[in-house]
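The primary structure of each chain is shown beneath.
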Amino acid sequence: MNLKKHRYLVCDLDEVVKDDLTASSLLNLVKERVVAEGGEIGLGRMDPLVRFFDNLTQLAIFQVNRISTPLFRKATMFPVLRISGSMRTCRPHAIRILRKRFLTCNDGDKEQKYQERLEALQRAIH
C-alpha cells in the first residue's frame, strides 16, 4: 500500500504577487524553482499543488509531500506562515490571516471582499 502523506503550507507571497498572477502561473513558478534546486526527481517526489490562492491578500496554500517540505521551503523561499498535516487544521489559521489582512486594508467594500475570500477558501478546503 502506497499511502502518500501531505503537508499543507500557508505562504505569504508579498514579494512574488503580480497583478496578472494566477494559481497555475504560481504553480509553474514553484515547479521551475524546485527543478532548479532539486532537479526533476525532487519535483516528482514533491508533487506540489496550489490548494488556495488569493491575489488580493497575497496568501496561498500549497500541498506538498511530507518528505519534500524542506525542499519546498529552500527552493521557493516564500515565508511559510503555517505548516499543517491536513486542510482541516490549516483552515483556522488561514481564516485568521485573511481576517487580519482585511481589517488593515483601506478599501471601502472590504466586508464584501472578505466574505468572497472566505467562501473561496471554504470551497478550496472541501
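Coordinates for the structure precede this section.
This text gives an overview of the structure that appears in the document. (Residues numbered from 1 in each chain as written. Predicted model: local features only at pLDDT ≥ 70, side-chain atom pairs only at ≥ 80, totals over all residues. Heavy atoms only, no water.)

Digging into helix 1 (residues 23-46)
Phase 1: Its 24 residues place the ends of helix 1 only 17 Å apart at the C-alpha level, less than the 34 Å of an ideal helix rising 1.5 Å per residue.
Phase 2: Gly-38 marks the point of greatest bend in helix 1, at about 120°.
Phase 3: Among the residues making up helix 1, those that are buried are Leu-26, Leu-27, Val-30, Val-34, Gly-42, Leu-43 and Met-46.
Phase 4: Tucked into the core, helix 1 has its buried residues touching strand 2 (49-54), strand 3 (59-65) and helix 2 (69-76).
Phase 5: Phi for Asp-47, located one or two positions after helix 1, is positive at around 50°. (Helix = DSSP H or I, 4+ residues; strand = E, 2+ residues; numbered from the N terminus. Expected span 1.5 Å × (residues − 1). Bend = angle between axes of the 7 residues up to and from the residue. Buried < 20%, exposed > 50% of the residue type's maximum accessible area, 1.4 Å probe, protein only. Contact = heavy atoms within 4.5 Å.)

So, the sheet that holds strand 4 (residues 80-84)
Phase 1: Strand order in the open sheet formed by 4 strands is 2-3-1-4, and the pairing between neighbours is antiparallel. The open sheet terminates on both sides in strands that have one partner only, identified here as strand 2 and strand 4. With direction set aside, neighbouring strand axes in the sheet form an average angle of 15°.
Phase 2: Relative to strand 3, strand 1 (residues 6-12) runs antiparallel, the two being bridged by 7 bridges. Bridged to Asp-12 within strand 3 is Leu-59.
Phase 3: The strands that helix 1 touches are strand 2 and strand 3; relative to strand 3, the one it contacts most, it runs at about 25°. (Pairing = 2+ DSSP bridges. Axes fitted to C-alpha atoms, helices over the stretch in contact; angles between N-to-C directions.)

Some thoughts on helix 2
Phase 1: Of all the positions in helix 2, only Thr-69, Phe-72, Ala-75 and Thr-76 are classed as buried. The arc enclosing the buried residues of helix 2, seen along the axis, measures out at 135°, which places them on a common side. The outward face of helix 2, more than 90 degrees from its buried face, is lined by the exposed residues Pro-70 and Lys-74.
Phase 2: If you follow the buried residues of helix 2, they end up packed against strand 1, helix 1, strand 3 and strand 4.
Phase 3: Where helix 2 terminates, the next one or two residues include Met-77, which has phi positive at roughly 60°. (Arc of directions from axis to C-beta.)

Observations concerning the state of the cysteines
Phase 1: In this structure the tally under the stated criterion is 0 disulfides.
Phase 2: Unpaired in terms of disulfides, Cys-90 finds its nearest cysteine sulfur in Cys-11, a separation of 9.4 Å. (Disulfide = S-S within 2.5 Å.)

Details of the side chain of Gln-63
Phase 1: With respect to the helices and strands, the residue Gln-63 is situated in strand 3.
Phase 2: On the accessibility criterion, Gln-63 (8% relative accessible area) is buried.
Phase 3: Of the polar contacts made by the side chain of Gln-63, one reaches the side chain of His-6; its length is 3.2 Å. (Polar contact = N/O pair within 3.5 Å; in protein donor to acceptor, adjacent residues only side chain to side chain.)

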